[in-house]
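# Inside the fold
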Amino acid sequence: MTATPDTTSSSSAIRSLIPARIDRLPWSRFHTRLVMALGVAWILDGRLSDKLGRKNLFMVTLGVYLIGSGLTAATPAGGKWFIFLYLTRIVAGMGIGGEYAAINSAIDEMIPAKYRGRVDLAVNGTYWAGAILGALATFYVLNHISAGLGWRLAFLLGPVLALVIIYVRKNLPESPRWQIMHGREEAAEASIAEIEADVAATKGELPPVDPSMEIEITPTRQIGYLALLRVLFAQYPSRSVLVAGLMITQSFLYNAIFFTYGLVLEIYFHVKATDTALYFIAFAVGNLAGPLTIGRLFDTIGRRKMISGTYLVSGVLLIISSQLFKAHDLNATTQTLAWAVIFFFASAGASAGYLTASEVFPLEVRAKAIAVFFAIAQCFGSLGSHLYGHLIGTGNNSNNLYVGYLIGAGAMIAGGLVAVFLAVDAEGKSLEDVAKPLGVIAKPSEAIFRSGGRSGGLTPSAGD
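We now turn to the structure provided with this report. (Residues numbered from 1 in each chain as written. Predicted model: local features only at pLDDT ≥ 70, side-chain atom pairs only at ≥ 80, totals over all residues. Heavy atoms only, no water.)

Turning next to the side chain of Thr-310. When you line up the elements, Thr-310 lands in helix H16 (residues 303-326). Look at Thr-310 and you get buried, because its relative accessible area is 3%. Polar contacts involving the side chain of Thr-310 include one to the main-chain carbonyl oxygen of Met-306, which spans 2.9 Å. Those residues in contact with Thr-310 that lie beyond four places of it in its chain are Ile-294, Phe-298, Phe-345, Ala-348 and Gly-349. (Helix = DSSP H or I, 4+ residues; strand = E, 2+ residues; numbered from the N terminus. Buried < 20%, exposed > 50% of the residue type's maximum accessible area, 1.4 Å probe, protein only. Polar contact = N/O pair within 3.5 Å; in protein donor to acceptor, adjacent residues only side chain to side chain. Contact = heavy atoms within 4.5 Å.)

A cluster of nonpolar residues, Leu-226, Leu-229 and Phe-233, forms a patch on the protein surface that exposes about 320 Å² of accessible area. Inspection of the secondary structure assignment puts Phe-233 in helix H11 (residues 225-235). (Patch = residues over 30% accessible without salt bridge, like charges linked within 9 Å, V, L, I, M, F, W, Y side chains within 5 Å. Areas by Shrake-Rupley, 256 points an atom, 1.4 Å probe, with all protein chains shown as cover. Salt bridge = Lys/Arg side-chain N within 4 Å of Asp/Glu carboxyl O.)

Look at His-270: it is not a glycine, yet its phi comes out positive at around 55 degrees. Among the structural elements, His-270 can be located in the loop between helix H13 (261-269) and helix H14 (276-294). If you check the backbone angles, His-328 has positive phi at about 60 degrees while not being a glycine. Of note, His-328 is situated in the loop between H16 and helix H17 (332-359).

When the terminal C-alpha atoms of helix H19 (residues 398-422) are compared, their 36 Å separation across 25 residues agrees well with the 36 Å that a helix rising 1.5 Å per residue should span. Taken residue by residue, H19 has Ser-398, Leu-401, Tyr-402, Gly-404, Tyr-405, Gly-408, Ala-409, Ala-411, Met-412, Gly-415, Gly-416 and Ala-419 as its buried positions. Where the residues of H19 are buried, they touch helix H12 (237-258), H13, H16, H17 and helix H18 (366-392). For H19, the side-chain oxygen to backbone nitrogen distance between the N-cap and Asn-399 is 3.0 Å, and the N-cap itself is Asn-397. (Expected span 1.5 Å × (residues − 1).)

Attention shifts here to the nonpolar core. Of all hydrophobic cores here, the largest spans 77 residues; its most connected members are Trp-128, Phe-269, Phe-280, Trp-339, Phe-343, Phe-361 and Tyr-405. Once residues within four sequence positions are removed from consideration, Phe-269 is found in contact with Val-264, Phe-325, Leu-330, Asn-331, Ala-332 and Gln-335. In this structure, Phe-30, Leu-34, Ile-103 and Ile-111 belong to the second largest nonpolar core, which totals 14 residues. (Core = buried A, V, L, I, M, F, W, Y, C linked by side-chain atoms within 4.5 Å.)

Moving on, we come to the packing of aromatic side chains. Considering all chains together, one arrives at 22 aromatic pairs under this definition. Look at Tyr-236 and Phe-361: their rings are 6.1 Å apart centre to centre, the planes differ by 80 degrees, and that puts the pair in the edge-to-face class. Of this pair, Tyr-236 sits in the loop between H11 and H12 while Phe-361 sits in the loop between H17 and H18, and the two are 125 residues apart along the sequence. Like Phe-361, Tyr-236 is buried. Ring centres 6.4 Å apart and planes at 10 degrees place the aromatic pair Tyr-261 and Phe-283 in the stacked group. Placement of Tyr-261 in helix H13 and of Phe-283 in helix H14 is noted, with a sequence separation of 22 residues between them. (Phe/Tyr/Trp six-rings, centres within 6.5 Å; stacked < 30°, edge-to-face > 60°.)

For H12, with 22 residues, the first-to-last C-alpha span of 31 Å sits near the 32 Å given by 1.5 Å per residue. In terms of burial, H12 is largely enclosed, as 19 of its 22 residues are buried.

Another aspect to go through is the environment of Pro-211. With respect to the helices and strands, Pro-211 occurs in the loop between helix H10 (185-203) and strand E2 (215-217). Sequence separation between Pro-211 and Ala-20 is 191 residues, and the spatial gap between their C-alpha atoms is 9.5 Å.

Here the focus is the packing of H16 against H19. Orientation of H16 relative to H19, taken along the N-to-C sense of each, is 165 degrees, at an axis distance of 8 Å. Considered as vectors, H16 and H19 are oriented roughly antiparallel to each other. Crossing angle aside, the handedness with which H16 passes H19 is left-handed. When the residues that make up the contact of H16 with H19 are grouped by side-chain class, the tally is 19 nonpolar, 10 polar and 2 charged. (Axes fitted to C-alpha atoms, helices over the stretch in contact; angles between N-to-C directions. Parallel < 35°, antiparallel > 145°, perpendicular 65-115°, else oblique. Left-handed = near helix turned anticlockwise from the far one by under 90°. Nonpolar A, V, L, I, M, F, W, Y, C, P; charged D, E, K, R; others polar.)

Quick look at the structure:
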């Protein structure tokens, strides 16, 4: 069964070399600026990203986060104002959550195919750079500033950073792929011309694009959620199982460990609450180092081997550390180092889960697919944090937490096995080769076009 998209009122087909022109670009300062602008923070809703475009969502969602965090810092003390605080955190959370959809979509659509894996992993990994800065700030606030003022200053840091990011992002072009798929032919041509000019300014004359790599598409209307479900589970059932498996298992493990690590350090290793932030820095460094150092291997060795390998290795290492925890052979320092090593691999695998969600489905539903699987994964993630909080309890029985660690290890191993059998070998391939756009009406599905070729504008077919 194949989902058929609704066409716009103008059903004329558009012929374009834009995807091929993007994929043949060498790495340049433009791509570096793009990664820096998109990797600093994350934010909002996948449906809006598919509807409004990637660039518009960057600005809207940053604004949502800025407002939410700013209002949180201004929450009056006492009474029932805690309700207001919760509401403002929900607003800020709407911003943070949706950046996964917008950012991953934009990165995959605007980064050349041969760099897509490592860049996507690096951008997703930048969360942990922020976590390190946050841990340092938390440690300073807890030990040098009064509690009544410190938490307000912490929440004000977010809006300040958001203003800087808005300034950096305002000059980014819209995704030409998104524009052409929505019938905005002239705007798409202007965007790709701007990108090519920027790249050529530092890299010289660009390599050519073969006119035969032209793609023919019929612009589509917005795909509703019922149509989305048909695409995901009728047209791409194995890929949906793959993405769900990767996202759910990593979310379960991360929520289980991330939201309870402080309790473990305090209850089992007797670390002072004011010092847990220092231990968290080592944990965050491991999470950041993974995507940054081995991310390129996802483009060279390949998606299947690296995704399955990182999930399986992190699961096995967690089993080993669990045995050491049960035997009381770990202290606060060695336990933290064990987590850092485990999540060196788990972080790369988790980031690859978001990469997979963003590259194995058609462009027209890419952002919504990311948002749907992210939401599903978070439900299981919340189950993990609740379960582990219950297992920790008062710390009277470490065997309970030991069992919890084994469950988390089993989840990651299960995700790795799913990748062994279902992972898509997307390394080095154009997005349109990995998942044919719903609006494509020409070129065989197994090879719409291939990377490389000659630069140039939109090229008409021989019959036009």
